[in-house]
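# Coordinate analysis (summary)
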Amino acid sequence: MSTDNCLFCKILEGEIPAELIYESDTAVAFRDINPQAPIHALVIPRKHISTINDIDVDDEAIIGSLYSAARHIAAEEGIADEGYRAVMNCNEGAGQSVFHIHLHVLGGRRLDWPPG
Ligand code: AMP
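Computed from a prediction, not measured in an experiment: that's the story for all the values here.

Attention now moves to the layout of surface pockets. Roughly 700 Å³ of internal volume is contained in the largest pocket. For the largest pocket, the lining is made up of 33 residues, of which Asp 32, Gln 36, His 40, Leu 42 and His 104 are closest to its centre. Breaking the lining of the largest pocket down by element, the ones donating at least two residues are helix H1 (7-13), strand S2 (27-31), strand S3 (39-45), strand S4 (84-87) and strand S5 (103-107).

Right, here's the structure in full:
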């Protein structure tokens, strides 16, 4: 999918509203519109990358910054110590529905393993 019709690129451009909770030079986070836990944020890179399979070696710093964002959000939301999950789905078989990579940051309740 091109950046022109990418939902998360539109959020980055301010064309679609979202509750932003974190911003850096490389990453932005906002609350998930359909939360699966009391805390459910999505961390996305400013650069459009469709899936994990499309991550280039030059993107490694960007991917690292997504986890720095997750750490920051967990601390801000008060779930760092009790535990949280930071997970990225890749392609439809794993549940990816928006093809701009995003780290789900979930917490505030018991999270079982393995996921469904
Ligand atoms: P995934 O299924 O892993 O691709 O995750 C996509 C996530 O984006 C889902 O958890 C959706 O609830 C969430 N989502 C879809 N549209 C929006 C939106 N406009 N604002 C915030 N979150 C959204």
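Anyway, onward from the coordinates.
Right, let's get into unusual backbone geometry. Backbone torsion omega between Trp 113 and Pro 114 reads 5°, so that peptide bond is classified as cis. Position of Pro 114 relative to the elements: it lies in the segment after S5. The backbone of Asn 91 shows a phi angle near 70°, a positive value even though the residue is not glycine. For Asn 91, the position within the fold is in the loop between S4 and S5.

Here we take up the pattern of salt bridges. For the structure shown, the criterion picks out four salt bridges. Linking Glu 19 and Arg 31 is a salt bridge whose minimum nitrogen-to-oxygen distance equals 3.1 Å. Here the residue Glu 19 occupies a position in the loop between H1 and strand S1 (20-23), and Arg 31 occupies one in strand S2, the gap between them amounting to twelve residues. Judged by relative accessible area, which is 46%, Glu 19 ranks as partly exposed. Here Asp 59 makes a salt bridge to Lys 47, at a shortest N to O gap of 2.6 Å. Here Lys 47 lies in the loop between S3 and helix H2 (60-77) and Asp 59 lies in the loop between S3 and H2, a separation of twelve residues in the sequence. Assessed through its relative accessible area of 41%, Lys 47 is described here as partly exposed.

With that settled, the discussion passes to the nonpolar core. Membership of the largest hydrophobic core comes to 15 residues, with the highest contact counts inside it found for Val 43, Leu 66, Ile 73, Ile 101, Leu 103 and Val 105. Put simply, the parts of the chain that give this core at least two residues each are S2, S3, H2 and S5. Here this core takes five residues from H2, the largest share from any one element. In this structure, Ile 101 is in contact with Val 43, Ile 44, Pro 45, Ile 49, Ser 50, Thr 51, Ile 52, Ile 55, Ile 63, Leu 66 and Met 88, ignoring residues within four places of it in sequence. Core analysis: the next-biggest nonpolar cluster, separate from the first, contains nine residues, Cys 6, Cys 9, Ile 11 and Val 98 among them.

This part is about the site of the ligand. Around the ligand, 16 residues are found, and the nearest of them are Asp 32, Asn 89, Gly 95, Ser 97 and His 104. Within the contact set of the ligand, a nitrogen atom lies 3.1 Å away from a backbone nitrogen or oxygen of Ile 33. The backbone of Gly 95 places a nitrogen or oxygen atom 2.7 Å from an oxygen atom of the ligand. Coverage of the ligand by the protein amounts to 83% of the 500 Å² it exposes when considered alone. Judged by its atoms lying within 2 Å of the grid points, the ligand is housed in the largest pocket. Taken together, the elements giving at least two residues each to the shell around the ligand come down to H1 and S2. At three residues, H1 tops the list of elements feeding residues into the shell around the ligand. Residue composition of the shell around the ligand, by class: seven nonpolar, seven polar and two charged.

Calculation criteria
- Starting from 1, residues in each chain are numbered consecutively following that chain's sequence as written.
- Only residues with pLDDT of 70 or above have their local features reported here, since the model is predicted, and side-chain atom pairs are shown and tallied only from 80 upward, although totals for entire chains, interfaces and linings are computed over all residues.
- Side-chain numbers here rest on the full set of heavy atoms in the structure, without hydrogens or water.
- In this analysis a 1.4 Å probe is tested at points of a 1 Å grid over the protein atoms alone, and where it fits but cannot get out there is a cavity; an open set with protein on both sides within 12 Å along at least five of seven lines is a pocket; lining residues have an atom within 4 Å of a point.
- Grid points are joined across faces, edges and corners, and a volume is the space filled by probe spheres set on the points.
- Every helix listed is a DSSP run of H or I at least four residues long, and every strand listed is a run of E at least two residues long, numbered separately from the N terminus.
- Here a salt bridge means any side-chain nitrogen of Lys or Arg lying within 4 Å of a carboxyl oxygen belonging to Asp or Glu.
- For every residue, the accessible area (1.4 Å probe, protein chains only) is compared with the maximum for its type, and the residue is labelled buried under 20%, exposed over 50%, or partly exposed between those bounds.
- Throughout, nonpolar core names a set of buried Ala, Val, Leu, Ile, Met, Phe, Trp, Tyr and Cys residues whose side chains join them through atoms within 4.5 Å.
- Contacts were defined at the residue level, with two residues in contact if any of their heavy atoms lie within 4.5 Å.
- Any residue with at least one heavy atom within 4 Å of a molecule or strand is counted as near it.
- What qualifies as a polar contact is a pair of N or O atoms within 3.5 Å, subject to a donor-acceptor requirement within protein and to the restriction that residues adjacent in sequence count only when both atoms come from side chains.
- Areas reported here follow the Shrake-Rupley algorithm with a probe of radius 1.4 Å; residue values treat only the protein chains shown as occluding.
- Put plainly, a molecule is in a cavity or pocket when over half of its atoms are within 2 Å of the grid points there.
- For this classification, the nonpolar set comprises Ala, Val, Leu, Ile, Met, Phe, Trp, Tyr, Cys and Pro, the charged set comprises Asp, Glu, Lys and Arg, and every other residue, Gly included, is treated as polar.

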